[in-house]
Every structure is written in C-alpha cells, then in structure tokens.
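Letter by letter, the chains look like this.
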Amino acid sequence: VGEVGQSAPAYQSVVGPMAAGGVLVTVMLPRLIAHELAQPGYMRTYVEGEVPTICSLWMLGTIWVVATLPAMVRMVAGTQFDDSVGVLHALLIIVPASVVSSLFTVLFSVQERMGRALVYLFIMSAINVGISVVLIPQYGAMGAALATVASYVVYQASYLWDQHRAVGVAAGRTWALWIAALVIGAAQWWVGPSLVLRIIWAAVTTLLLLAVVRTVGAIDRNVISRLFAGRMQPVATVITRVLAAPGHATP
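Position numbers for residues start from 1 in each chain and track the written sequence from start to end. Reporting in this predicted model follows two pLDDT cut-offs: at least 70 for local features of residues, and 80 or more for side-chain atom pairs to be given and counted; totals over whole chains, interfaces and linings ignore these cut-offs and use all residues. Working from all heavy atoms in the structure, the side-chain values ignore hydrogens and water.

### Considerations on the overall build of the chain
Phase 1: The helix and strand tally for the chain stands at ten helices and zero strands.
Phase 2: Runs of H or I in DSSP of at least four residues are treated as helices and runs of E of at least two as strands, each being numbered from the N terminus. In sequence order, the secondary structure elements of the chain are arranged as α-α-α-α-α-α-α-α-α-α.
Phase 3: The buried share of the chain, reckoned over its 251 residues, is 48%.
Phase 4: Between two residues, a contact is recorded if the distance between any of their heavy atoms is within 4.5 Å. Across the chain, contacts joining residues at least 24 apart in sequence account for 79% of those joining residues at least 6 apart. Buried, partly exposed and exposed residues are distinguished by accessible area as a fraction of the type maximum, computed with a 1.4 Å probe on protein chains only: under 20%, between the cut-offs, and over 50%, respectively.

### Considerations on unusual backbone geometry
Phase 1: In this model, Glu-112 sits at a positive phi of 55°, which is unusual for a non-glycine residue.
Phase 2: Topologically, Glu-112 is positioned in the loop between helix 4 (99–110) and helix 5 (114–139).
Phase 3: Owing to a relative accessible area of 75%, Glu-112 belongs among the exposed residues under this scheme.

### Considerations on the nonpolar core
Phase 1: Formed by 67 residues in total, the largest nonpolar core has its most connected members in Tyr-46, Met-59, Phe-104 and Trp-201.
Phase 2: The leading source of residues in this core is helix 2 (residues 42–77), at 15 residues. The term nonpolar core refers to a set of buried residues drawn from Ala, Val, Leu, Ile, Met, Phe, Trp, Tyr and Cys, joined through side-chain atoms within 4.5 Å.

### Brief notes about the packing of aromatic side chains
Phase 1: Pairs were defined over the aromatic rings of Phe, Tyr and Trp, the Trp ring being its six-membered one, requiring ring centres within 6.5 Å. Orientation was assigned from the angle between planes: stacked under 30 degrees, edge-to-face over 60, tilted for the rest. For the structure on display, the rule yields six aromatic pairs.
Phase 2: Geometrically, the ring pair formed by Phe-108 and Tyr-159 is tilted, given 4.8 Å between the ring centres and 55° between the ring planes. Here Tyr-159 lies in helix 6 (residues 141–167) and Phe-108 lies in helix 4, a separation of 51 residues in the sequence. Taken as a pair, Phe-108 and Tyr-159 share a single burial class, namely buried.

### A closer look at helix 10 (residues 233–243)
Phase 1: Every buried residue of helix 10 is accounted for by Ala-236, Ile-239, Thr-240 and Leu-243. The buried residues of helix 10 occupy one face: seen down the axis, they fall within an arc of 95°. Seen from the open side of helix 10, the exposed residues pointing more than 90 degrees away from its buried face are Pro-234 and Arg-241. Starting at the helix axis, one direction is taken to each C-beta atom, and the arc is that of these directions.

### Remarks on the packing of helix 8 (residues 195–216) against helix 10
Phase 1: It is at 9 Å that the axes of helix 8 and helix 10 come closest, and there the two elements cross at 85°. With respect to their mutual orientation, helix 8 and helix 10 come out roughly perpendicular. When helix 8 is examined against helix 10, the residues Leu-210, Val-213 and Arg-214 are found in contact with a partner set consisting of Arg-241, Val-242 and Leu-243.
Phase 2: In terms of residue class, the contact of helix 8 with helix 10 is built from four nonpolar, no polar and two charged. Lines are fitted to the C-alpha atoms to define the axes, a helix being fitted only along its stretch in contact, and any angle between axes, read from their N-to-C directions, falls within 0 to 180 degrees. Just so you know how the angles are binned, under 35 degrees is roughly parallel, over 145 roughly antiparallel, 65 to 115 roughly perpendicular, and the rest oblique. Throughout, the ten residues Ala, Val, Leu, Ile, Met, Phe, Trp, Tyr, Cys and Pro are labelled nonpolar, Asp, Glu, Lys and Arg are labelled charged, and all others, Gly among them, are labelled polar.

### Focus on helix 6
Phase 1: How far a helix is expected to stretch is found by multiplying one less than its residue total by 1.5 Å. With 27 residues, helix 6 ought to run about 39 Å at 1.5 Å a step, and its terminal C-alpha atoms sit 39 Å apart, in line with that.
Phase 2: Gly-168 lies just past helix 6 and shows a positive phi near 85°.

### Details of the environment of Asn-128
Phase 1: For Asn-128, the location among the structural elements is in helix 5.
Phase 2: Separated by 22 residues in the primary sequence, Asn-128 and Ala-150 have C-alpha atoms spaced 7.2 Å apart.
Phase 3: For Asn-128, the residues in contact, after removing those within four places along its chain, are Ala-144, Ala-147, Thr-148 and Ser-151.

### Regarding the confidence of the model for the chain
Phase 1: Looking at the chain as a whole, the pLDDT averages 84, with 84% of positions reaching at least 70.
Phase 2: The pLDDT score gives, residue by residue, the confidence of the prediction method on a 0 to 100 scale. The least confident element of the chain is helix 1 (residues 2–38), whose mean pLDDT is 65; the most confident is helix 8, at 94.

### Describing the environment of Trp-201
Phase 1: Relative to the helices and strands, Trp-201 is located in helix 8.
Phase 2: The spatial distance from the C-alpha of Trp-201 to the C-alpha of Val-191 is 7.5 Å, given a sequence separation of ten residues.
Phase 3: Setting aside its immediate chain neighbours within four residues, Trp-201 contacts Ile-63, Val-66, Ala-67, Ile-184, Ala-187, Gln-188 and Val-191.

### Section: a nonpolar patch on the surface
Phase 1: Judged by side-chain polarity, Val-196, Leu-197, Ile-200, Val-204 and Leu-208 come together as a nonpolar surface patch covering roughly 470 Å² of accessible area.
Phase 2: Position of Val-196 among the secondary structure elements: in helix 8.
Phase 3: Val-196 sits in the exposed class, given a relative accessible area of 58%. Like-charged residues are merged into a patch within 9 Å and nonpolar side chains (Val, Leu, Ile, Met, Phe, Trp, Tyr) within 5 Å, provided each residue has over 30% relative accessible area and no salt bridge. The Shrake-Rupley method, run with a 1.4 Å probe, gives the accessible areas here. Residue values count only the displayed protein chains as cover. Each reported salt bridge corresponds to a side-chain nitrogen of Lys or Arg within 4 Å of a carboxyl oxygen of Asp or Glu.

Below, the structure written as structure tokens:
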C-alpha cells in the first residue's frame, strides 16, 4: 500500500503532459480525413511533413515541462511528494516521445486498421505486466515505473515502424527524432532532482535539439505556415528561421 501511495502522485503528474498529445487526435483526425477524401494519398504528405514537424515542436516544448514539473509538483504536494520524486523522473523519460503514438493513432483511424492498433496495445500491456512482475518485488514502485517506460517505448516504436511501412515513407527523420526524445528523457533522469541542474540541462538540451532538428530537416515550412497562419505569421517566421533547414518543404 505504501508503494502505491508513493507512485500515485508521479503517475498523476505524468498523465497531464501525455494527455496533451492525445488532444492532437481530436484536432487532427477530422482534418486528415477531409484531406484524404479530397486528395487521395495525403497520408503520405502527413507522415513526411507534418509528423516530423509536430514532433520537433512538441519535444522543444516538453523539455521545459520535464525540467520543471518535479519542482512544481513538490510545491503543490509538499514533503509528501519526496518519496515519489524518483518514480516521477523515471516516468518522465517517455514524455518527450509520447506525441509519436498520438500522431500515428490518427492514421490507424483513417486507414480503418484499428485492429492492428489494438494488437500493439495488447503487446504494450503484456510487456508492462511481465516486466512489473519481475521488477516490483525487488524495486517496488520504481520497478512499475520502469516497466511502464519499457512498454511505451515498444508501443511507440511499433506505431512508427508500422505506419512508415504502410504509407511508404522513409522513416529516417522520425526515427532520429524519436531516439533523440528518448535520450533527452533518459538524460533528465540522470540529472536528478536539483531544479538548477534541470534548468541548465533544459537550456543545453534545447540547443542540442535545435541542431538535430536542423540537421535532419525535420521542420516543413509549409506545415509551419499552416499552423501559424494569420496573426501568428511572425511566429512562423521565427520558427522557420531558427529550426528549418534551408529550402526544405513538402509540396
């Protein structure tokens, strides 16, 4: 019971950032269906241009959420949170990469392949339970957290592999971003609870991620223009100047 009490605040704290990625399904599904009906094959454009772009923006934003969330939770929960801080740091490993499954869930719906998505969900659950059975007796709540992380890694990788294969788009850029997201998550776990060190980590990581995004050409200028249209156009200009590789856009 004590272990459950320790892990509950950590799990609840991670649900919010990950649920924010789930909102993308609600926002993007109707638009993707409309585009696919009007322009068959638009799913390829979506996977090639929109997925890497949105992943990049999500990762850049979540770096600072991941860095400061433990301190914010501690301010709210007080000393009762102290026993959960290690569990939260472990669970935060998967937050920067969590948007991947949300973005590809949309495609399973459009393709009417939700049965395949359920298979991956079953595999994820089986891995979570299996690793938990092995680790919880020795590591308690931390073992359960690590099992959750491992199951989500397999789940996200399955979605990424499946959809790039189904749509016929090279997956190199998305794999690079996904791996970078996992490295970012693992690094914050290693940094530990110090807010000062986590802020330093976030600043350095942001600069390194900017370099990765530009190197792999992850930002599509057309997508940025659509996302930040109208009065938000100055934001689009700044983003493309900072993040976009010269001349990269999906027709």
